[in-house]
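Chain and residue survey
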Amino acid sequence: MASTTKKPYLGMTGSKLSAWVSVACITAMTLFGYDQGVFGGIIVTDDFLRQMNYPNADLQGTIVSLYDIGCFAGAMATFAFGEFFGRKKSLIIGVIIMSIGAILQAAAANVPMMIVARLVTGVGNGINTSTAPVWQSETTKASLKGKVIILGMIMNIAGFSLSNWMTYGFSFLSGSISWRFPIAFQLVFSVVLFATVPWLPESPRWLLAHGYDKEGMAVLAALEGTSIDDKYVLAEREEILEAVRIEREQRTPLKDILRGRTGNTGMVKRLLLGAGTQWMQQLGGINVTSYYLPLVLQNSVGLSNNLSRLLAGCNSVSYLVFSFIGLYLIERAGRRKLMMYGAAGQAFCYLFISAFLSQGGDNYGAAATAFFFLYYVFFGVCWQGVPWLYPVEINSLSMRTMGAALATGSNWIVNYAIVQATPPGIENLGWKFYLLWMAFNAVMVPLIYLLYPETSNRHLEDVDRLYRENPGMVLVFRNKEAVQTARPERYESLENDLKQRVGGKEDPDDVSVEHVEHA
């Protein structure tokens, strides 16, 4: 009699299954990019301004930036509860909340309703952006981890570009459809997420860390497209469980974490380094232009509304095209070099933007616009993806969800301050406003060189080993293993030894790919 056992994950295993996890996570990041860019075109739409009773620069900043407060709240909710719910449930909760917020935004009739809607949308996006990179990294092979996270951020840019062209196209229509439809279009991404996330596997690392050994082994085997007694699957399980065992032996209460008493795990340093990448991404000045590029081109450069929208759309395409270079460089150049070279290039761009805008006139305005475009090239290649990848890689397994959420929360709270300050900053300081971002970028270069270890081409557990062996490490630039781009040979040898130890050993658990009740 034929077996009627339902195969998990629609019968997919191996690279196909991993690809579908990536589809879900990348869709969440594409939605993030779309939502980040859509209001830049809406805030200069006549019917929107009329519906909102023509808000001044300060109120415009408030309407736009309170979304980031919602994102911060969502990230902090993930920090508190994300590890309990797991990756899949957290993402589903975030999509539900974000969808409700999108509906409320599209239906908004006045400023208070729009502000509430922006806050609700932000909470959902904060949960999504704290969860998706963690889930994706924990279900992806080490050799592909950087590339798939960067691909997610490239699709984030694609969402940003789509929102620019969407608002530009609808700007030729009259009435509220010119801004309500672009906002409501976010729901298309929600439909994709609701259609994929429920049937995909939970993170095997989360399952093993929470005692679901059979389910965790089944997911590891399914993701590898092999059996549960495969040498690689057994070695991966041993590596994860060893990291879990060490962390449980050295488990640190929250009050001790806050006081810096974390033994030799480097927990606080690693939390701060992960959050620091997100602080630096924002202080590099990206959301001075991401939320407001049409407004910047109108008010700082002096271009017309139509030309400002058109150039913002063209810039988003350039931004998207050049971001693919980051996909090529992420493992070859490593995280440190990308961040350092990117910050230096961004500082250079803001220096010339300030210089040209200080002169006034159409020719100088055109030159400044060219450097806005070049800024996006540096950001797209170097800074778009690394700050979302680095917190996942630098933090230990038990702190990975919290670390990613703390980093994401840091992003949103700094983002809020920048988005709130940009309209009045441009209005009151003019070209001098852009010197601030030049200075921030210049300071970032030595900070990265001195403090940030390399995480490219490593297993997630390799970073745990680095900090266990170097408990007092703060300055990393003299430690070759900490800064080299290639995975240290010693780590390869240790992994091979582990494979040999477990290769001939029978797995003590009766596990099969069908054990996916909790996956």
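Keep in mind the model is a prediction, meaning the values are calculated, not measured.

Structural notes on the overall build of the chain
- Summing up its helical and strand segments, the chain has 24 helices and zero strands in all.
- A compact globule built from 519 residues should have a C-alpha radius of gyration of about 24 Å, and the chain, at 23 Å, falls within 12% of that.
- Each principal axis of the C-alpha distribution contributes one length, and for the chain these read about 75 × 60 × 40 Å.
- Considering only intrachain contacts with a sequence separation of at least 6, the fraction spanning at least 24 residues in the chain is 83%.
- Counting only carbon and sulfur atoms, one obtains 63% of the accessible surface of the chain, whose full area is about 20000 Å².
- Once the 41 positive and 40 negative side-chain charges of the chain are each reduced to a mean point, those two points are 3 Å apart.

As for the pattern of salt bridges
- Counting across every chain of the model gives eleven salt bridges.
- Among the charged side chains, a network of salt bridges with common partners joins Glu83, Arg87 and Glu138.

Details of a nonpolar patch on the surface
- A grouping of Trp165, Val317, Val321, Phe322 and Ile325 is seen on the molecular surface, where their side chains present a nonpolar patch of about 400 Å² in accessible area.
- It is helix H16 (residues 305-332) that provides the largest number of residues to the nonpolar patch, a total of four residues.
- Tracing the sequence through the fold places Val321 in helix H16.

Digging into the side chain of Gln384
- Turning to its location among the elements, Gln384 is positioned in the loop between helix H18 (362-383) and helix H19 (386-394).
- The class for Gln384 is buried, based on a relative accessible area of 6%.
- At 3.4 Å, the side chain of Gln384 forms a polar contact with the backbone oxygen of Met153.
- At a separation of 2.6 Å, a polar atom in the side chain of Gln384 contacts the side chain of Asn156.
- When near neighbours in sequence (up to four residues on either side) are disregarded, Gln384 contacts Met153, Asn156, Ile157, Gln281, Tyr319 and Phe379.

Details of the environment of Lys89
- Of note, Lys89 is situated in helix H4 (residues 87-107).
- With relative accessibility at 54%, the residue Lys89 sits in the exposed group.
- Spatially, the C-alpha atoms of Lys89 and Thr131 are 9.7 Å apart, while their sequence positions differ by 42 residues.

What to know about the packing of aromatic side chains
- Evaluation of the coordinates by the stated rule reveals 35 aromatic pairs.
- Here Phe48 and Trp179 contribute two aromatic rings whose centre-to-centre distance is 5.3 Å and whose plane-to-plane angle is 80 degrees, an arrangement assigned as edge-to-face. Of the two residues, Phe48 sits in helix H2 (residues 46-51) while Trp179 sits in helix H7 (residues 177-184), which places them 131 residues apart along the sequence. A single burial state applies to Phe48 and to Trp179, both of which are buried.

Regarding the packing of helix H1 (residues 14-42) against helix H10 (residues 213-224)
- Packing of H1 against H10 brings their axes to within 5 Å, and their N-to-C directions diverge by 105 degrees. With respect to H10, the element H1 is oriented roughly perpendicular. From H1, Gly14, Ser15, Leu17 and Ser18 reach across to H10, where they touch Ala222, Leu223 and Glu224.

Points about helix H5 (residues 111-137)
- An ideal rise of 1.5 Å per residue puts 39 Å on 27 residues; H5 measures up with 39 Å between its terminal C-alpha atoms.
- Across the 27 residues that make up H5, a large majority, 21, are buried.
- With a side-chain oxygen positioned 3.0 Å from the backbone nitrogen of Met113, the residue opening H5 is Asn110.

Quick word on the nonpolar core
- Judged by nonpolar contacts, the single largest core of 56 residues is most densely connected at Trp383, Tyr434 and Ile448.
- With residues up to four places along the chain from it excluded, the contact list for Ile448 reads Met280, Arg336, Met339, Met340 and Trp383.
- Formed by 53 residues, the second largest nonpolar core is a distinct cluster that contains Leu17, Ala108, Val197 and Leu295.

Remarks on the side chain of Glu393
- With respect to the element layout, Glu393 can be found in helix H19.
- What Glu393 contacts, discounting residues up to four positions off in sequence, is Lys145, Arg335, Thr455, Leu460 and Val463.

Focus on unusual backbone geometry
- Not every positive phi belongs to a glycine, and Tyr9 is a case in point at roughly 60 degrees.
- Its location among the elements puts Tyr9 in the segment before H1.

A look at the packing of H1 against H7
- Where H1 meets H7, the axes come as close as 10 Å, and the angle between the chain directions of the two elements is 175 degrees. The orientation of H1 with respect to H7, classified from their angle, is roughly antiparallel. Of the residues in H7, those touching H1 at Tyr34, Val38, Phe39 and Ile42 are Trp179, Pro182 and Ile183.
- Each residue belonging to the contact of H1 with H7 can be placed in one class, and the counts come to seven nonpolar, no polar and no charged.

Comments concerning the state of the cysteines
- In total, this model carries zero disulfides according to the counting rule given.
- Cys349 takes part in no disulfide bond, and the closest cysteine sulfur, belonging to Cys382, lies 11 Å away.

What to know about the confidence of the model for the chain
- Mean pLDDT over the chain: 84, with 91% of residues reaching 70 or higher.
- Predicted confidence for residues 505-519 stays below pLDDT 50, and this span has 44 contacts to residues more than four positions away or in other chains.

Considerations on the environment of Met217
- When you line up the elements, Met217 lands in helix H10.
- A residue is classified by how much of its surface remains accessible, and Met217, at 0% relative accessible area, is buried.
- For Met217 and Val197, which are 20 residues apart along the polypeptide, the C-alpha to C-alpha distance reads 20 Å.

Some remarks on the environment of Pro391
- Its location among the elements puts Pro391 in helix H19.
- In this structure Pro391 comes out as buried when scored by relative accessible area, which is 3%.
- Pro391 sits 280 residues away from Val111 along the chain, and the two C-alpha atoms are 36 Å apart.
- Excluding residues that lie within four positions of it along the chain, Pro391 makes contacts with Gly274, Thr277, Val386, Gly403, Ala404 and Ala407.

Conventions used here
Each chain has its residues counted from 1, running along the sequence as written. With pLDDT at 70 or above as the cut-off, local features in this predicted model cover only qualifying residues; side-chain atom pairs require 80 or more to be listed or tallied, and sums for whole chains, interfaces and linings still use all residues. To obtain the side-chain values, all non-hydrogen atoms of the structure were included, while hydrogens and water were left out. Runs of E in the DSSP output that reach at least two residues are strands. Runs of H or I that reach at least four are helices, and both are numbered from the N terminus. The globule rule is 2.2 Å times the number of residues to the power 0.38, and the radius of gyration it is compared with is taken over C-alpha atoms. Working rule for contacts: check all heavy atoms of both residues, and any pair within 4.5 Å makes them a contact. With residues, only the protein chains shown are counted as cover, and all accessible areas are computed by Shrake-Rupley using a 1.4 Å probe. The convention is simple: Lys and Arg are positive, Asp and Glu are negative, and His and the chain ends are not counted. A single reference atom marks each charge: NZ on Lys, CZ on Arg, CG on Asp, CD on Glu. When a carboxyl oxygen of Asp or Glu is within 4 Å of a side-chain nitrogen of Lys or Arg, the pair counts as a salt bridge. Patch members must show over 30% relative accessible area and no salt bridge, and they are joined within 9 Å when carrying like charges or within 5 Å when they are nonpolar side chains of Val, Leu, Ile, Met, Phe, Trp or Tyr. Burial here depends on accessible area, computed with a 1.4 Å probe over protein chains only, as a share of the maximum for the residue type. Under 20% is buried, over 50% is exposed, and the range in between is partly exposed. Here a polar contact is taken to be a pair of N or O atoms separated by no more than 3.5 Å, where protein atoms must pair a possible hydrogen donor with a possible acceptor and residues adjacent in sequence count only if both atoms sit in side chains. Between the rings of Phe, Tyr and Trp (Trp by its six-membered ring), a pair exists once the centres lie within 6.5 Å; its type follows the angle of the planes, with under 30 degrees stacked, over 60 edge-to-face, and the other angles tilted. A fitted line through C-alpha atoms represents every axis, and for helices the fit uses only the stretch in contact; the resulting angles, taken between N-to-C directions, go from 0 to 180 degrees. Angular relationships are summarised with four words: roughly parallel below 35 degrees, roughly antiparallel beyond 145, roughly perpendicular across 65 to 115, and oblique for the angles in between. Working rule for helices: expected span equals 1.5 Å times residues minus one. To form a nonpolar core, buried Ala, Val, Leu, Ile, Met, Phe, Trp, Tyr and Cys residues must be joined to one another through side-chain atoms within 4.5 Å. In the scheme used here, Gly and all other residues not listed as nonpolar or charged are polar, with Ala, Val, Leu, Ile, Met, Phe, Trp, Tyr, Cys and Pro taken as nonpolar and Asp, Glu, Lys and Arg as charged. Note on terminology: pairs of cysteine sulfur atoms within 2.5 Å are recorded as disulfides. Per-residue confidence from the prediction method is given by pLDDT, with values spanning 0 to 100.

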